[in-house]
Amino acid sequence: MIYSYLINIFKDKRAAFLALIDPDANDSEPSIKSICTGGADVILVGGSTIGTADFDSFVQLVKSSASVPVIIFPGSSMQISRNADAILFLSLLSGRNPEYLIGEHIKASPIIKQFGLEVLPTGYLLIESGATTSVLSISHTLPIPRNKSDVAKYHALAAEYMGMKFVYLEAGSGAQNSVPEDMISAVKDYISIPIIVGGGIRTPEEAKAKVRAGASCIVIGNVLQKNPELTKDFANAIHRK
Ligand code: 1GP
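Below is a summary of the structure that appears in this document. (Residues numbered from 1 in each chain as written. Predicted model: local features only at pLDDT ≥ 70, side-chain atom pairs only at ≥ 80, totals over all residues. Heavy atoms only, no water.)

### A few points about the overall build of the protein chain
Within the protein chain, the regular secondary structure consists of ten helices and eight strands. Taking 2.2 N^0.38 as the reference for a compact globule, 241 residues should give roughly 18 Å; the C-alpha atoms of the protein chain span a radius of gyration of 16 Å, in line with that estimate. Residue pairs in contact within the protein chain that sit at least 24 positions apart in sequence constitute 71% of those at least 6 positions apart. (Helix = DSSP H or I, 4+ residues; strand = E, 2+ residues; numbered from the N terminus. Rg over C-alpha atoms; globule rule 2.2 N^0.38 Å. Contact = heavy atoms within 4.5 Å.)

### Details of the environment of Asn97
Secondary-structure assignment places Asn97 in the loop between β4 (86-92) and α4 (98-115). For Asn97 and Thr141, which are 44 residues apart along the polypeptide, the C-alpha to C-alpha distance reads 6.6 Å. Setting aside residues no more than four positions away along its own chain, Asn97 makes contact with Ser139, His140 and Thr141. Of note is the side chain of Asn97, whose polar atom sits 3.0 Å from the backbone nitrogen of Glu99. (Polar contact = N/O pair within 3.5 Å; in protein donor to acceptor, adjacent residues only side chain to side chain.)

### Comments concerning the nonpolar core
Of all hydrophobic cores here, the largest spans 57 residues; its most connected members are Phe17, Ile43, Leu169, Val197, Ile218 and Phe234. In contact with Phe17, not counting residues within four places along its chain, are Gly39, Ala40, Asp41, Val42, Ile218, Ile220, Leu224, Thr231, Phe234, Ala235, Ile238 and His239. (Core = buried A, V, L, I, M, F, W, Y, C linked by side-chain atoms within 4.5 Å. Buried < 20%, exposed > 50% of the residue type's maximum accessible area, 1.4 Å probe, protein only.)

### Details of the site of the ligand
What surrounds the ligand is a group of 14 residues, the closest being Glu170, Gly174, Gly200, Gly221 and Asn222. Within the side chain of Ser173, a nitrogen or oxygen atom sits 3.1 Å from an oxygen atom of the ligand. Taken together, the elements giving at least two residues each to the shell around the ligand come down to β6 (166-170) and β8 (217-220). By residue class, the composition of the shell around the ligand is five nonpolar, eight polar and one charged. (Near = heavy atom within 4 Å. Nonpolar A, V, L, I, M, F, W, Y, C, P; charged D, E, K, R; others polar.)

### Section: the sheet that holds β6
Taking strand neighbours around the barrel as the criterion, the eight strands line up as β1-β2-β3-β4-β5-β6-β7-β8 in a closed arrangement whose pairing is parallel. The average undirected angle you get between the axes of adjacent strands in this sheet is 30°. Judged from the three bridges that link them, strand β7 (residues 195-198) and β8 form a sheet pairing that is parallel. By the bridge assignment for β8, Val197 is matched with Ile218. (Pairing = 2+ DSSP bridges. Axes fitted to C-alpha atoms, helices over the stretch in contact; angles between N-to-C directions.)

### Regarding the packing of aromatic side chains
Scanning the entire structure with this criterion turns up six aromatic pairs. Ring centres of Tyr3 and Phe166 lie 5.8 Å apart, and the angle between their planes is 70°; this geometry places the pair in the edge-to-face category. Remark: Phe166 occurs in strand β6 and Tyr3 occurs in helix α1 (residues 2-13); sequence separation between them is 163 residues. Plain terms: the ring middles of Tyr124 and Tyr168 are 5.0 Å apart, the flat faces sit at 85° to each other, and that makes the pair edge-to-face. (Phe/Tyr/Trp six-rings, centres within 6.5 Å; stacked < 30°, edge-to-face > 60°.)

Right, here's the structure in full:
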């Protein structure tokens with residue numbers, strides 16, 4: 001089970017390193033093999049665009065080169081594939097757009113069941129990060145202000161009480177500013193489910209600061225897609241030495 005795989009990583013290595021491959025990114029072909037051997041614990045596949053015609057074959061391609069589990073990070077109910085090991089079942093709790101709170105989920109559920117994918121229920125919270133990111137513009141929602149840790153805490157606690165297994169604090173892909181450490185630590189002190197943090201993390205030092213603040217999973221997308229050779233440095237920063 002991928003859930004227990006992640007829980008064991010939190011115990012053994014302090015935090016998990018999730019490398020995000022966006023099928024829509026036009027950057028150089030990601031080197032999945034070197035990202036895995038460099039120390040990523042999981043390959044996340046997905047993006048915030050509505051759908052990708054050949055999403056399934058892309059996931060298959062990733063899965064065939066990956067030596068670590070592949071988890072779908074879906075931008076919509078069109079991003080599901082039987083070739084992955086699990087799927088983040090994201091509910092966009094920071095917004096009040098019913099499509100992303102429950103609508104897409106109803107479309108996705110029968111397909112996920114048919115494919116037998118492991119489901120990781122996740123409360124997804126968008127945190128204000130500067131300029132408008134793709135996820136904000138596509139979801140038509142407002143993010144939680146970055147200086148309002150209390151608002152993030154209450155949303156995260158509601159996710160826990162709803163039975164979700166993770167809370168994802170998301171600044172958005174390529175965000176100007178990543179999720180602030182004081183918000184991560186405030187949420188960490190308030191809830192007991194693991195926190196995933198991603199969006200706009202550009203350096204290993206920044207990743208380490210998020211882990212020290214209480215993140216259990218760090219998602220790195222853009223930077224790795226452009227510079228896969230940085231994988232080792234990120235792994236060293238995220239994992240306990
Ligand atoms: C975006 O959190 C992820 O959904 C990763 O963001 O591409 O900015 O690393 P970056």
